[in-house]
Amino acid sequence: MTIRSGTLLEARNVSKTFTRGRWYSDCGVRALDNVTLSIQSSSTLALVGSSGSGKSTLARCIAQLEKPDLGEIWFDGRSLANFTQAGFRHLRKEIQIVPQDPSASLNPRWTAAEIVSEPLRVQRWGNEKKRYVRSLELLESVGLDNRAPHQRPYQLSGGQRARLALARALALEPRLLILDESLSSLDLSLQAQIINLLIDLQATYELAYLVIAHDMTLVASMTDQVVELCKGRIVRQEFFPC
Amino acid sequence: MLHVENLRVSYAGGGGTQTAVLRGIDFHIAPGEVLGVLGESGCGKTTLALSILSLLPASTSVKGSIRFLGQNLLVLPERELRRIRGERIAMIFQESGSALNPVMPVGRQVEEVIHAHRDWSLDRLREEAHNFLGQVGLDPSIAQAYPHQLSGGQLQRVQIAQALSCRPTLIIADEPASGLDPAAQAEILEMVVQRTHAALLVITHQPSNLHVLSRSVAMLRGLTSRVLVMYAGQVVEAGSLEQLETSALHPYTQALLACSRPSGQPGARQKLPAIPGYSASFFRLAAGCAFEARCGRRQAVCGEREPDCVDVGERQIRCFVL
Amino acid sequence: MLKRFLLRRMIHTLLLLLSVSGGSFLLLELAPGNFLTEAKLNPQLSPQTLAALHDRLGLDRSLPERYLYWLKSATQGDFGISFAYNMPVSVLIWPRMRSTLLLTATSLGLAWSIALPLGVWAAARKGSSLDRLLVLLTSGLLSIPELVLACGLLIVAAKTAWLRIGGLPLAVCVLAPASLPLLLRHIRAGVLTASGASYVRAARAHGISEGRLWFRHVLPAASHSLISLFGLSVAGLLSSSLLVEVVVGWPGLGPLFLEAVAARDFYIVAGVVFLSANFLAVGNLLADLLLYYGDPRIRMT
C-alpha cells in the first residue's frame, strides 16, 4: 500500500457502531460508516456536519480514545492496529486533542504553569526546572502575558483559558492537533484571535490540524481540505490547494 | 411598550466595592417590534435581560427605570412582578440544559408555567402544554421525557414552548441559538418570530443570528429590526441591521462585523481581522472610552472623557470619532 | 431494569448480614471468658454440673461450627436459647424489637416532619435573622450529648408530671431532638445547593410562586442528597436508641442487649445484632428504592 509522502494520518474505511441509542437520534446508531480521509503534515482538515453526524466520534477514534469497529487508522505510515503499549504512549505525544469546552478541562486548583507542565510530568520529560522553563515558553508562544503562569483558571478570561488549553496541548510537541469545536464557545473576536494564533503556530511548529466546526466561516482561510459528514458518511470532500 | 432609561446595575464585590456592570442603558421597544442586542461576553447583556424581570441577586444595586406599559418594574412589589413574569414578559435562557429542572418531565414544566398564571384543571393544563409543544415542532409524546434524554435543540424548543404558553407581550431571548449548528439556529429563530406576535428582545453575540432574525421579521411582520451594540456595559451604537452592515459608525461595531465576514480565500492562510486585546474588564475601567485601548482610531480625547450617546437621525452612536 | 437493581441490592444485603453476624460472633468470642466464667466462681456448683452445662450450651464446639449451626437456625427464626433466661431468644427479642421499632419510627417521623419544612424554610430565608437563630440553636443542640439530654429530661420527668418515666413521649423527646440538628443542617444545605441552579432562576422568571417553587421544584431536585440522608438518619437513630432506652427506661432492645453483652449471653447478642442489621438493611433498601424513583437520571442508566 503506497503512502504518499507527507501524509501524516490516514483513516481507511473506518466504521463505528454504538449499541446504545438515544431518544432523539434518528441517525440510527451507526456513528461512522466507511470513512476514508487523509491529513498531510502542516495542513488543516476541517470536519463539518450537523450534530450527530459523527464528527466527534471520528476525532475520538483518531485520538485513540475509541477504537473503530471496522477499518484502520494509519499514523506516519504505520497502522495503529499494530502498535504496542510503548508505541501508544509515544503516539499520545504526537496526537493531542483540545476539547470542546477548554475551561472545563483545566484543573481549577493549579496555576497556569502547572497545568501546562502536566503533560510533561506525565511523560516524565526533563526535571522540575526544565519543565518550568518550558511551560513559560509555551505560555508565551500562545500570547499570554508574564502574569499568567502564576494565575489560576478562574483569574483568567475565557479567551485566556482557551489559549491555556492550547498551550497545554502543544506541550509535548504534537504533530497533529485535534480541535473538537474548541472555539465555538468563544466570542467572535476571540475566535478570530485564536485562529490567527493557530495559523502562526502551524507555520512555526509544522502542525497539522483537524478542526471540527459547525460553521466554516471563520476557519475557511486556514483550511486546506473540507470533509462534510452526514449520518456517519462522507458527503462532500473538497481540496483547496494554496 | 418597554422603556428603559438610564439603567445602571452594579454588583457588590468583596470589601464593599461596587462593580458597575451596566452603565447607563437607554432603549425602548414598541409592541410587536424585534430588537437585537449584539455584544460579546462581559458586555452586560445577560445582566440587562435579568434586570428587566428583576431576577438579579438581592445584593445587586439597580438604578434607573424600566417602564413596562406605564409601570416601573424596578419598584413593583414581588407579588405584582410575579404576575408579569411569564405571563406578560417571558424569558428564554441561554443554556437550555440547565434552565430546565432535571427531575421533572418537560411536559410538566410547561404546565407549571401555565399553572402559575391560570387557574385551570389538570386536564386543561396538559392539553394546553401539549398544544404548545406541538407548536414548537415537538411530538407531544415527548412530554413525559426528562431533560437529560433530549437533545440541545429539543430542549431549546421546550423553553420556547414555556415562553409562548401564556401568550406574553414581550419575549426576552438570551442567546436562543447557542450550542446549535447553523441550520438549527436559523430554524429556532425563525420559529420564534413565526409563532408569536410578541415583541422580541434577542440577545446574541453572533451577527449571523441577527441576519436570520432580520430576514424573518421583515418577511413575517414587515418590520425592520433594530440592533443595539453593547460594549462594557454601555450601548455604543444603535440602528437597523442594514445600516450597521453597510455603514457602521462605531469602531467596535465595524471590527466585530468584519470578524464575522472574513474575505480570504480558503487555504490562503490569510489572517482574520481580529480585534486586538481583551474585552474591557470591569475591575479596571479607566477614565475615558472603554474601547479606547483596542480602538484603531483612537484620539487623545478618547482616553480622557467618556463619550455621550448622540442621535444621528434614527441611529445612535457613542463615539468621539465622527 | 428494576429487577437487576433489586437483585444487586439483595445480594449486597445478604453479604452484609453474613459479615455482620459473623463479625459479632467473632468479637464476642474474642472477649475474655464466657457465660460460665461467673458460674465457675460459684462454689455451690460442682465441676460435673459445670461440665454438663458447658456441653449443653454447646460451648465445647468450635466457633465456626457454632456459627454455622446458628446461621441455619436463624434463617428459620430460631435464634437459640438465652443462657441467662433459659428461654428461646426469639421469644425475648420480638416484643422488645417491636418497642424499639416503635420508638425509632416515631422519632424518625417526628424529627423529619419538623426538620424538612424548617430546613426548606431556612434555605428560602437564608441570611435572615430567623435563619441565623436557627443555625445557632442547631449548633447548640448538636453539642449536647444525648446522654446529657436524657438525664436532663429524666430530671424534668421526675420533678413534674408532664412526662412519665418509661413512657414513649419521654423517649421520643430525647431521641428526636438528638437527630434534629444534624438533619436540619443537612436539609438546609442540600436545599440551598439545589436552589442555586439555573433552573430555579428560570422558574422564577416564569412567575412561579415562592412556595410552589421551593417545595415542588427545588425540593425534588434536592431529593437525591436528602434520601441518602434519610438512610443515614435511620442508622444513626437506631444506634442512639440503644443507649437512650437504657437511660429512660424504655423496654426496647437496648437494656436487653446491654445486659446480654455484659453476661456474655451469646445468642441474645447475636440475635439482636442480626435483627438490627436486618432492619438497617431494609431501611437502606427503602432509601435506595426511593432514590431510584426519585431521580430519573439514575433510573435511565
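Residues numbered from 1 in each chain as written. Chains lettered and ligands numbered in written order. Predicted model: local features only at pLDDT ≥ 70, side-chain atom pairs only at ≥ 80, totals over all residues. Heavy atoms only, no water.

Novice: Help me understand helix α1 (residues 45–52) of chain B, please; the structure alone is not making it clear to me.
Specialist: Each α-helix winds once per 3.6 residues, and so residues spaced three or four apart point in a common direction. Residues and elements named next belong to chain B. Across the eight residues that make up α1, a large majority, seven, are buried. Listing the buried residues of α1 in full gives K45, T47, L48, A49, L50, S51 and I52. Downstream of α1 by one or two residues, S54 has phi in the positive range, about 55°. (Buried < 20%, exposed > 50% of the residue type's maximum accessible area, 1.4 Å probe, protein only. Helix = DSSP H or I, 4+ residues; strand = E, 2+ residues; numbered from the N terminus.)

Novice: Even after reading the chapter, I still don't get the interface of chain A and chain B, so can you show me in this structure?
Specialist: By a widely used convention, the size of an interface equals the accessible area lost when the partners come together. Tallying the contact residues gives 37 residues for chain A and 36 residues for chain B. Here chain A and chain B share an interface that buries about 2,800 Å² over both sides, 54% of which is from carbon and sulfur atoms. In this structure, the connection of chain A to chain B is made through zero salt bridges. Counting every contact that joins chain A to chain B gives two residue pairs in polar contact (both at pLDDT 80 or more). (Contact = heavy atoms within 4.5 Å. Buried area = accessible area lost by both parts, 1.4 Å probe. Salt bridge = Lys/Arg side-chain N within 4 Å of Asp/Glu carboxyl O. Polar contact = N/O pair within 3.5 Å; in protein donor to acceptor, adjacent residues only side chain to side chain.)

Novice: What is the right way to look at the packing of aromatic side chains in this model?
Specialist: Within a pair of aromatic rings, the relevant descriptors are the distance that separates the centres and the angle that separates the planes. Residues and elements named next belong to chain B. Counting across every chain of the model gives two aromatic pairs over all chains. Measuring from ring centre to ring centre gives 4.6 Å for Y231 and Y252, while their planes differ by 50°; the resulting arrangement is tilted. Here Y252 lies in helix α10 (residues 251–259) and Y231 lies in strand β9 (residues 226–231), a separation of 21 residues in the sequence. Pair check on accessibility: Y231 and Y252 agree, each one buried. (Phe/Tyr/Trp six-rings, centres within 6.5 Å; stacked < 30°, edge-to-face > 60°.)

Novice: How should the environment of R126 of chain B be read in this particular structure?
Specialist: Along the chain, R126 of chain B falls in helix α5 (residues 122–135). Along the sequence, R126 of chain B and Q94 of chain B sit 32 residues apart, while their C-alpha atoms lie 26 Å from each other.

Novice: How should I be thinking about the packing of helix α3 (residues 112–122) of chain A against helix α4 (residues 128–141) of chain A in this particular structure?
Specialist: A pair of packed helices is captured by two measures, namely the crossing angle of their axes and the spacing between those axes. Residue and element names in this part refer to chain A. In contact at an axis separation of 9 Å, α3 and α4 are set at 115° when each is read in the N-to-C sense. Between α3 and α4 lies a crossing whose hand is right-handed. Here A112, A113, V116, S117, L120 and R121 of α3 come into contact with α4, specifically with R131, Y132, R134, S135, L138 and L139. (Axes fitted to C-alpha atoms, helices over the stretch in contact; angles between N-to-C directions. Left-handed = near helix turned anticlockwise from the far one by under 90°.)

Novice: Hey, could you run me through the sheet that holds strand β1 (residues 2–12) of chain B in this one?
Specialist: Consider a sheet: its strands pair through backbone hydrogen bonds, and that pairing is either parallel or antiparallel. Residues and elements named next belong to chain B. One open sheet accounts for four strands, arranged β2-β1-β4-β5; its pairing is antiparallel. Looking at strand neighbours, the two that pair on one side only are β2 (18–29) and β5 (71–72), the edges of this open sheet. Examined bridge by bridge, strand β4 (residues 61–68) and β5 share two bridges and lie antiparallel to one another. The partner of R67 across the bridge, within β5, is N72. Running over the sheet, α1 touches β1, β2 and β4 and is turned about 70° from β2. (Pairing = 2+ DSSP bridges.)

Novice: Explain the arrangement of the chains here, please?
Specialist: Ranking the two pairs of chains in contact by contact count places chains A and B at the top. Across all C-alpha pairs, the smallest distance from chain A to chain C is 11 Å, and the two are not in contact.

Novice: Mind showing me how you'd approach the packing of helix α5 (residues 89–124) of chain C against helix α11 (residues 253–263) of chain C here?
Specialist: All names here are of chain C. Running from N to C, α5 and α11 point in directions that differ by 135°, and their axes come no closer than 8 Å. By the angle between their axes, α5 is oblique relative to α11. Counted together, L92, I93, R96, M97 and T100 of α5 and L253, P255 and L256 of α11 form the full contact between these two elements. Classifying every residue of the contact of α5 with α11 gives six nonpolar, one polar and one charged. (Parallel < 35°, antiparallel > 145°, perpendicular 65-115°, else oblique. Nonpolar A, V, L, I, M, F, W, Y, C, P; charged D, E, K, R; others polar.)

Novice: How should I be thinking about the sheet that holds strand β12 (residues 315–317) of chain B in this particular structure?
Specialist: Residues and elements named next belong to chain B. Within the open sheet, the eight strands sit side by side as β6-β7-β8-β3-β9-β10-β12-β11. Their pairing is mixed. Each edge of the open sheet carries a strand with a single partner, namely β6 (89–92) and β11 (310–312). For this sheet, the mean inter-axis angle between neighbouring strands, taken without regard to orientation, is 20°. When β6 meets strand β7 (residues 170–174), the two strands line up parallel, connected through four bridges. Note that in β7 the partner of M91 across the bridge is I172. In the packing of helix α8 (residues 207–221) onto the sheet, contacts are made with β3 (34–38), β8 (199–204) and β9, and the angle to β3 comes to roughly 175°.

None of this, on its own, says anything about what the molecule does.
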